[in-house]
Amino acid sequence: AQKITQTQPGMFVQEKEAVTLDCTYDTSDQSYGLFWYKQPSSGEMIFLIYQGSYDEQNATEGRYSLNFQKARKSANLVISASQLGDSAMYFCAMSHTGNQFYFGTGTSLTVIP
Amino acid sequence: DTEVTQTPKHLVMGMTNKKSLKCEQHMGHRAMYWYKQKAKKPPELMFVYSYEKLSINESVPSRFSPECPNSSLLNLHLHALQPEDSALYLCASSPRQGAYEQYFGPGTRLTVT
């Protein structure tokens, strides 16, 4: 069975600081994709960043980077220079060929002015 | 353009009503998804359409009936719903089914009275 674990139900970060949101996964497949989504209170799921299992370099998208440690099966999201607009729910997800997404339980991030 | 649109944004319906949710994308994606999301929970997959054919039905009650009229449109027909069906219903699309990022619409907030 595939599984995504997010162990931080809630996180706080000071504005302009960096924050790391944890995600571990469990799969026996060799080929899979890891994703992070942001969901503000408005409800829309916003795609942030993708890491393929065969990618050797960590993915980066602007202020977002994914710290991929394959041997540890972790895919942590790092947000640099936090902004007030970063306050939201963050979901880690995994997918592999032919199958659907598996979402973690989410981390609620609050950015403090 | 990475936009997925959903209508209506909000819907209140009685348990005897029949209504439909609509989802549209013009990104040329060939996989489309319906999710149900309760407050403070991750999205739960309901249905997957791949190349306009139903690929996955996650044992969803028959009071939910999906339809994919063409590669750009996805509908969810609702009939005789229960109050516990009240939730945010999210539509998503991806280039193909599998380890690809999914792009989500803003969702329809459904309340069943």
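Predicted, not measured: the structure shown is a model, and the values here were computed from it.

**Q** What is the right way to read the side chain of B:Ser93 from this model?
**A** Residue and element names in this part refer to chain B. Within the secondary structure layout, serine 93 lies in strand E9 (residues 87-94). Here the side chain of serine 93 touches histidine 29 through a polar contact of 2.8 Å, side chain to side chain. Those residues in contact with serine 93 that lie beyond four places of it in its chain are Val4, Gln25, Met27, His29, Ala31, Met32, Tyr33, Glu101, Gln102 and Tyr103.

**Q** What exactly am I supposed to notice about the packing of aromatic side chains here?
**A** By convention here, two paired aromatic rings are described through the distance between centres and the angle between planes. The final tally for this structure, using the stated rule, is 16 aromatic pairs over all chains. Plain terms: the ring middles of A:Phe47 and B:Tyr103 are 5.8 Å apart, the flat faces sit at 70° to each other, and that makes the pair edge-to-face. Of this pair, A:Phe47 sits in strand E6 (residues 46-52) while B:Tyr103 is found in strand E10 (residues 103-104), placing the two residues in two different chains. Take B:Tyr103: its relative accessible area is 18%, and that puts it in the buried class.

**Q** Where do I start with the pattern of salt bridges in this structure?
**A** Once their charged atoms are close, side chains differing in charge can pair, the charge on each being opposite to the other. Residues and elements named next belong to chain A. Counting across every chain of the model gives five salt bridges over all chains. Two residues, lysine 73 and aspartate 26, come together in a salt bridge whose shortest N-O distance is 3.9 Å. In this pair, lysine 73 is assigned in the loop between strand E8 (64-69) and strand E9 (74-79) and aspartate 26 in strand E4 (residues 24-26), connecting sequence segments 47 residues apart. Overall, the relative accessible area of 38% leaves aspartate 26 in the partly exposed class. We note a salt bridge from arginine 63 to aspartate 86, for which the minimum N-O separation is 2.8 Å. Placement of the pair is arginine 63 in the loop between strand E7 (60-61) and E8 and aspartate 86 in the loop between E9 and strand E10 (88-95), with a sequence separation of 23 residues. Looking at arginine 63, the relative accessible area reads 23%, which means it is partly exposed.

Basis of the calculations
Residues numbered from 1 in each chain as written. Chains lettered and ligands numbered in written order. Predicted model: local features only at pLDDT ≥ 70, side-chain atom pairs only at ≥ 80, totals over all residues. Heavy atoms only, no water. Helix = DSSP H or I, 4+ residues; strand = E, 2+ residues; numbered from the N terminus. Polar contact = N/O pair within 3.5 Å; in protein donor to acceptor, adjacent residues only side chain to side chain. Contact = heavy atoms within 4.5 Å. Phe/Tyr/Trp six-rings, centres within 6.5 Å; stacked < 30°, edge-to-face > 60°. Buried < 20%, exposed > 50% of the residue type's maximum accessible area, 1.4 Å probe, protein only. Salt bridge = Lys/Arg side-chain N within 4 Å of Asp/Glu carboxyl O.

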